[in-house]
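In case you want the letters, here they are:
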Amino acid sequence: MNRCSVEACNRQAKSLGYCGAHYQRFKKGKPLDDPPLRQECSIGGCRRVHHRETFCDPHYAQYSEVLKALNEASHEAGAV
C-alpha cells in the first residue's frame, strides 16, 4: 500500500502520489502543508471527522454512555 507523498501524512495514496485530501489541495493550488481543514477524532487510529467535543459521532456516543454510567454510579454511592 502506497502512502501519501506529503511527509507528515500517512494516509493511503490515491492519485498522483497524494491522499484524497492532499490531492484536492494540489488541484486547487493550495499549500500541501497547511493544517487539516477537518479535524479528526481524538481517539488514536480513528480517521473520522470529529463533530462533538473532540470525538466522532460513534466515539462521542460511547463517551456519553460512560459519563452516564459514572454519574449513575456516583448517585448510587451517595444514596448508600
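Up top is the structure these notes are about.
All of these numbers come straight from a predicted model, not from anything done at the bench. (Residues numbered from 1 in each chain as written. Predicted model: local features only at pLDDT ≥ 70, side-chain atom pairs only at ≥ 80, totals over all residues. Heavy atoms only, no water.)

### Some remarks on unusual backbone geometry
Right, on to step 1. Positive phi, normally seen in glycine, also occurs at L16, with a value near 55°.
Right, on to step 2. Among the secondary structure elements, L16 is positioned in the segment before α1 (20–28). (Helix = DSSP H or I, 4+ residues; strand = E, 2+ residues; numbered from the N terminus.)

### Structural notes on the packing of aromatic side chains
Right, on to step 1. Per the stated rule, a full pass over the model turns up 4 aromatic pairs.
Right, on to step 2. Taking the centre distance of 6.0 Å and the plane angle of 45° together, the rings of Y60 and Y63 count as tilted. Taken together, the residues span about one helical turn, with Y60 and Y63 both in helix α2 (residues 57–79) at a distance of 3 residues.
Right, on to step 3. Take Y60: its relative accessible area is 22%, and that puts it in the partly exposed class.
Right, on to step 4. What links up through ring pairs into an aromatic cluster is the set Y18, Y23 and F26. (Phe/Tyr/Trp six-rings, centres within 6.5 Å; stacked < 30°, edge-to-face > 60°. Buried < 20%, exposed > 50% of the residue type's maximum accessible area, 1.4 Å probe, protein only.)

### Quick notes on the pattern of salt bridges
Right, on to step 1. Applying the stated rule across the entire model yields 2 salt bridges.
Right, on to step 2. Here R11 makes a salt bridge to E40, at a shortest N to O gap of 3.1 Å. Taken together, the residues R11 in the segment before α1 and E40 in the loop between α1 and α2 connect sequence positions 29 residues apart.
Right, on to step 3. Judged by relative accessible area, which is 29%, E40 ranks as partly exposed.
Right, on to step 4. The partner of E40 in a salt bridge is R47, and the shortest N-O contact between them spans 3.6 Å.
Right, on to step 5. Under the relative-accessibility criterion, R47 is labelled partly exposed at 43%.
Right, on to step 6. One network of salt bridges, with partners in common, ties together R11, E40 and R47. (Salt bridge = Lys/Arg side-chain N within 4 Å of Asp/Glu carboxyl O.)

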